[in-house]
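Residue strings, one per chain:
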Amino acid sequence: MKLATWNVNSVKARLPRLLDWLDRTDPDVLCVQETKVAADAFPAKEVAELGYETAHHGEGRWNGVALLSRAGLEDVRRGFAGDPGWAGEPTGEEGLFEQPHIEARAVSALCGGVRVWSVYVPNGRTPESAHYTYKLSWLGGLRTAVAQDLASAAPVVVCGDFNVAPTDADVFDPAAFVGSTHVTAPERAALAALREAGLDDIVPTPMKGPNPFTYWDYRAGMFHQDKGMRIDLVYASPALSGAVTSAYIDREARKGKGPSDHAPIVIDFDI
DNA sequence: ATGTCGCTACCCTAGCGA
């Protein structure tokens, strides 16, 4: 099975590149994040012409995750029990929600006997922010939901934009991130707790240079200087992590006119 | 690194989020 994950930063803006990439890369399953379109606005017809079924979980202008599969797409689950939702700022300016707002950040399905998740973890903004607290509790809820999947027979793989760099080697300069999200001990502990539920981090090989980065800010020529981060991750249960035959970051997809700010990860499993 | 994107609402540019 060839599995890939890609934060496309708007499926509408990226559609020509997405279709071209699917055609040339030929994955069996693609996990998509940041579709930024409403539930019924995913270009399912266009990807169907390339042979893919779609499961989209979208809400409009922000977030949105999808699974594209031609290896089967069964038992689709949008969201997960225990998602805390975004409850607003405690003091008000952005407005308190009467009920926590459950955002479209996770979708999972059985693809060829594998429980595949596509997730878009909250950014967190700053460590002082209510968004950061939300990020940590969201990751805690994800861990509980994934642990339940791991108790069943099917192998599990959780793919997506985690908005956390697991180690200092996963950012271009740790000193540049002091006081920022994505690198704090609690965020890394939340990732570790997810792994400890029974998943291995499949670290992909960069196509060029020593750094396994998957994201480079659009600004300041960050991509050309390889000042990036590894925040897109593939966490797989042992039956899958032991069956990896290749894993790489497709930095070619980050080049040229109109790229996403994230590169896809492509993994081959011999299963 | 704060140099760019993509979105929406409101009108074609500003404000937001990343």
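Below is a summary of the structure that appears in this document. Please read all numbers here as calculations on a predicted model, not as lab measurements.

## Considering helix 1 (residues 11–25)
Inference 1: Across its 15 residues, helix 1 extends only 17 Å between first and last C-alpha, which sits more than 12% below the 21 Å expected from 1.5 Å per residue.
Inference 2: At Arg-17, helix 1 shows its largest bend, some 40°.
Inference 3: Among the residues of helix 1, Val-11, Arg-14, Leu-15, Leu-18, Trp-21, Leu-22 and Thr-25 are the ones counted as buried.
Inference 4: Contacts made by the buried residues of helix 1 are with strand 1 (2–7), strand 2 (29–33), helix 2 (44–48), strand 4 (65–69), strand 12 (244–249) and strand 13 (265–269).
Inference 5: Phi turns positive, to about 65°, at Asp-26, one or two residues after helix 1.

## Structural notes on the protein's contact with DNA strand B
Inference 1: Taken together, 16 residues surround DNA strand B, and among them Ser-10, Arg-14, Arg-61, Arg-125 and Ala-220 come closest.
Inference 2: Within 4 Å of the protein, atoms of DNA strand B come from sugar and phosphate in 58% of cases.
Inference 3: Within the side chain of Arg-14, a nitrogen or oxygen atom sits 3.0 Å from a phosphate oxygen of DNA strand B.
Inference 4: One of the backbone nitrogen or oxygen atoms of Tyr-218 is found 3.5 Å away from a sugar or linking oxygen of DNA strand B.
Inference 5: Considered class by class, the residues forming the surface near DNA strand B number 6 nonpolar, 3 polar and 7 charged.

## A few points about the sheet that holds strand 8 (residues 156–161)
Inference 1: Pairing in this open sheet of 6 strands is mixed, and the strands run 5-6-7-8-11-9 from one edge to the other. With one partner strand each, in any of the chains shown, strand 5 (74–78) and strand 9 (200–201) form the two edges of the open sheet.
Inference 2: Relative to strand 11 (residues 232–236), strand 8 is paired through 5 bridges, and the arrangement is antiparallel. Bridge pairing links Val-157 to Ala-236 in strand 11.
Inference 3: Across the sheet, helix 3 (residues 130–150) lies against strand 5, strand 6 (106–111), strand 7 (114–120) and strand 8, angled at about 175° from strand 7, the strand it touches most.

## Some details on the pattern of salt bridges
Inference 1: Enumeration over the complete set of coordinates arrives at 14 salt bridges.
Inference 2: For Arg-77, the salt bridge goes to Asp-149, with nearest N and O atoms at 3.1 Å. Taken together, the positions of Arg-77 in strand 5 and Asp-149 in helix 3 put the pair 72 residues apart, joining distant regions of the chain.
Inference 3: Take Arg-77: its relative accessible area is 34%, and that puts it in the partly exposed class.
Inference 4: Relative accessible area serves as the criterion here: at 9%, Asp-149 is assigned to the buried category.
Inference 5: Ionic pairing is found between Asp-217 and Arg-219, a salt bridge with its closest N-O pair at 2.9 Å.
Inference 6: Here the salt bridges share partners, and the residues they tie into one network are Asp-75, Arg-77, Arg-115 and Asp-149.

## Considering the nonpolar core
When a protein is soluble and globular, its nonpolar side chains tend to lie buried together.
Inference 1: Ranked by size, the top nonpolar core spans 29 residues in total, and within it Leu-3, Leu-67, Val-116, Val-157, Ile-202, Val-234 and Ile-267 carry the most contacts.
Inference 2: Elements that contribute at least two residues to this core include exactly strand 2, strand 4, strand 6, strand 7, strand 8, strand 11, strand 12 and strand 13.
Inference 3: Sequence-distant contacts of Leu-67, that is, excluding residues within four places in its chain, are made with Leu-30, Cys-31, Glu-53, Thr-54, Ala-55, Leu-73, Val-107, Ser-108, Ala-109, Val-116, Trp-117 and Ser-118.

## Quick look at the sheet that holds strand 12
Inference 1: Strand order across the open sheet formed by 7 strands is 3-4-2-1-13-12-10, with mixed pairing between neighbours. Strand pairing shows two members of the sheet lacking a second neighbour, strand 3 (53–57) and strand 10 (205–206), which therefore form its edges.
Inference 2: As defined by bridge partners, strand 10 adjoins strand 12 across 2 bridges and the pair is classed as parallel. Each residue of the ladder has a partner; that of Pro-206, found in strand 12, is Ile-249.
Inference 3: On the sheet, helix 1 packs against strand 1, strand 2, strand 4, strand 12 and strand 13 and is oriented at approximately 160° with respect to strand 1.

## Structural notes on the environment of Gly-242
Inference 1: Inspection of the secondary structure assignment puts Gly-242 in the loop between helix 5 (238–241) and strand 12.
Inference 2: Placed 238 residues apart in sequence, Gly-242 and Ala-4 show a C-alpha to C-alpha distance of 17 Å.

Calculation notes
Here the residue index of a chain counts from 1 through its sequence in written order. Chains carry letters and ligands carry numbers; both start at the beginning, A for chains and 1 for ligands, and go up in the order they are written. Note on the predicted model: pLDDT of at least 70 is required for a residue's local features to be given, and 80 or more for side-chain atom pairs to be given and counted; whole-chain, interface and lining totals, by contrast, use all residues. The side-chain figures draw on all heavy atoms in the structure; neither hydrogens nor water molecules are used. In this description a helix means any DSSP run of H or I spanning at least four residues, a strand means any run of E spanning at least two, and both kinds are numbered starting from the N terminus. In this analysis, the expected span of each helix is defined as 1.5 Å times one less than the number of residues it contains. Two axes are fitted around each residue, one to the seven residues ending there and one to the seven starting there, and the angle between them is reported as the bend at that residue. We call a residue buried when its accessible area falls under 20% of the maximum for its residue type, exposed when it is over 50%, and partly exposed in between, using a 1.4 Å probe and counting protein chains only. Whether two residues are in contact is decided by their heavy atoms: any pair within 4.5 Å suffices. Any residue with a non-hydrogen atom lying within 4 Å of a molecule or strand is treated as near it. Under the rule applied, a polar contact is a pair of N or O atoms within 3.5 Å (in protein, one hydrogen donor and one hydrogen acceptor; residues adjacent in sequence only if both atoms are side-chain atoms). Under the grouping applied here, Gly and all other residues not named as nonpolar or charged are polar, the nonpolar ones being Ala, Val, Leu, Ile, Met, Phe, Trp, Tyr, Cys and Pro and the charged ones Asp, Glu, Lys and Arg. Paired strands are those between which DSSP finds at least two bridges. Angles run from 0 to 180 degrees between N-to-C directions of axes, and those axes are lines fitted to C-alpha atoms, restricted for helices to the stretch in contact. Note on definitions: salt bridges are taken to be side-chain nitrogens of Lys or Arg within 4 Å of carboxyl oxygens of Asp or Glu. Take the buried Ala, Val, Leu, Ile, Met, Phe, Trp, Tyr and Cys residues and link them wherever side-chain atoms come within 4.5 Å; each set so joined is a nonpolar core.

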